[in-house]
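What follows is the residue order along each chain.
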Amino acid sequence: MSKKVLAVIASVAVAVAAALGIILAVNGYNSGKIGNKAEKIEEEFKSELVGDWKGSYSISHLTFNDDGTLDLTVLGLGLDGTYDDNFDIESGIHTLTIKYNSSVGVSVTRDFIATVNENNELTLIDSKVDSIGFVYKRYDSASSEQNKSETDSTADKIDDIDEFKSALLGKWTLENTQNTGYNFVDSSTVTVTLMGVSYNGSYSVSVEEETGMCAVKITYARLAGTSVSNTYYASISGGKLTFVQKGAESISQTYTKAS
């Protein structure tokens, strides 16, 4: 075999090896095994979060700062915290970790699966209780008047425990039915109606330090004398009451306030 042919073969081999090296490098980068693609995506996502976000929940206002600090409003109280993002290359999921100290000094850490859509809506889904999700809208000066009109009403924004207790009072019926629901008579008395049968009971409202969520504990006695007690994570928005049963978070029911 001539030297010229050998030189050609060697050149082709070098070219093929270089091409394979490039392909492997690209695949490694895309898979997150080479380079810092995940870190770049995390930084881009955090940059996208920077700004003010508002929603109608116990955590009603989030301000993400570009230095990783966080200002948040929990039940009407302004608190300081931090946030960080962890992006999983394989699943394409952002896990947003929020840390803050509650109003009584208890340290709270919560992880959320986070997404931002084309409508500038931030969705946070609790990583431990995936049936609990929150949607926040970006808030800026241009839309401040519109957001103010949307959130000033107690029926649309309940971020204070006293407001929540006040808004809870009255009769609530399960959507699409009139024979199941609750009538919160006063600050501690409730009438529970199940399939047209009513029971007298009591209730209490508290805020969980770990989650910052409103919890409503309802206790009543059935006709046979059996005592029933359930605790629900509760939220009120747009004239609707949502109960998510604690310990059985896949069970969620929405009630409409009677006129």
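That block above? That's the structure.
Residues numbered from 1 in each chain as written. Predicted model: local features only at pLDDT ≥ 70, side-chain atom pairs only at ≥ 80, totals over all residues. Heavy atoms only, no water.

1. With respect to the overall build of the chain
In terms of regular secondary structure, the chain is built from four helices and 16 strands. In the chain, buried positions account for 35% of the 259 residues. Put simply, 36% of the contacts in the chain that link residues at least 6 apart link residues at least 24 apart. For the chain, the accessible surface area stands at approximately 14500 Å², while carbon and sulfur atoms represent 52% of it. (Helix = DSSP H or I, 4+ residues; strand = E, 2+ residues; numbered from the N terminus. Buried < 20%, exposed > 50% of the residue type's maximum accessible area, 1.4 Å probe, protein only. Contact = heavy atoms within 4.5 Å. Areas by Shrake-Rupley, 256 points an atom, 1.4 Å probe, with all protein chains shown as cover.)

2. As for helix H2 (residues 37-49)
Between its first and last C-alpha atoms H2 spans 19 Å; for 13 residues at 1.5 Å apiece the expected length is 18 Å, and the two agree. The set of residues buried in H2 consists of Ala38, Ile41, Glu42, Phe45, Lys46 and Leu49. Within H2, the buried residues cover an arc of 135° as seen down the axis, which keeps them to one side. Along H2, the residues that are exposed and aim more than 90 degrees away from the buried face are Glu39, Glu44 and Ser47. Looking one or two places after H2, you find Gly51, whose phi comes out positive at around 135°. (Expected span 1.5 Å × (residues − 1). Arc of directions from axis to C-beta.)

3. Re the side chain of Arg110
Assignment of secondary structure puts Arg110 in strand S6 (residues 107-116). A distance of 3.0 Å separates a polar atom in the side chain of Arg110 from a polar atom in the side chain of Asp126. (Polar contact = N/O pair within 3.5 Å; in protein donor to acceptor, adjacent residues only side chain to side chain.)

4. Quick notes on the nonpolar core
Core analysis: the largest hydrophobic core is formed by 24 residues, its most contacted members being Leu49, Leu62, Phe64, Leu96, Leu122, Leu124 and Tyr136. Contributions of two or more residues to this core are made by H2, strand S2 (59-64), strand S3 (69-74), strand S4 (77-88), strand S5 (93-101), S6, strand S7 (121-126) and strand S8 (133-139). At four residues, S6 tops the list of elements feeding residues into this core. Contacts of Phe64, omitting those with residues within four sequence positions, involve Leu49, Val50, Gly51, Trp53, Thr69, Leu70, Tyr83, Leu96 and Leu122. Residues Leu174, Val192, Ala234 and Tyr255 belong to the second largest nonpolar core, which totals 23 residues. (Core = buried A, V, L, I, M, F, W, Y, C linked by side-chain atoms within 4.5 Å.)

5. What to know about the environment of Phe45
Locating Phe45 in the fold gives a position in helix H2. Between the alpha carbons of Phe45 and Leu96 there is a distance of 10.0 Å; along the sequence they are 51 residues apart. Residues contacting Phe45, with those up to four places away along its chain left out, are Asp85, His94, Ala114, Thr115 and Val116.

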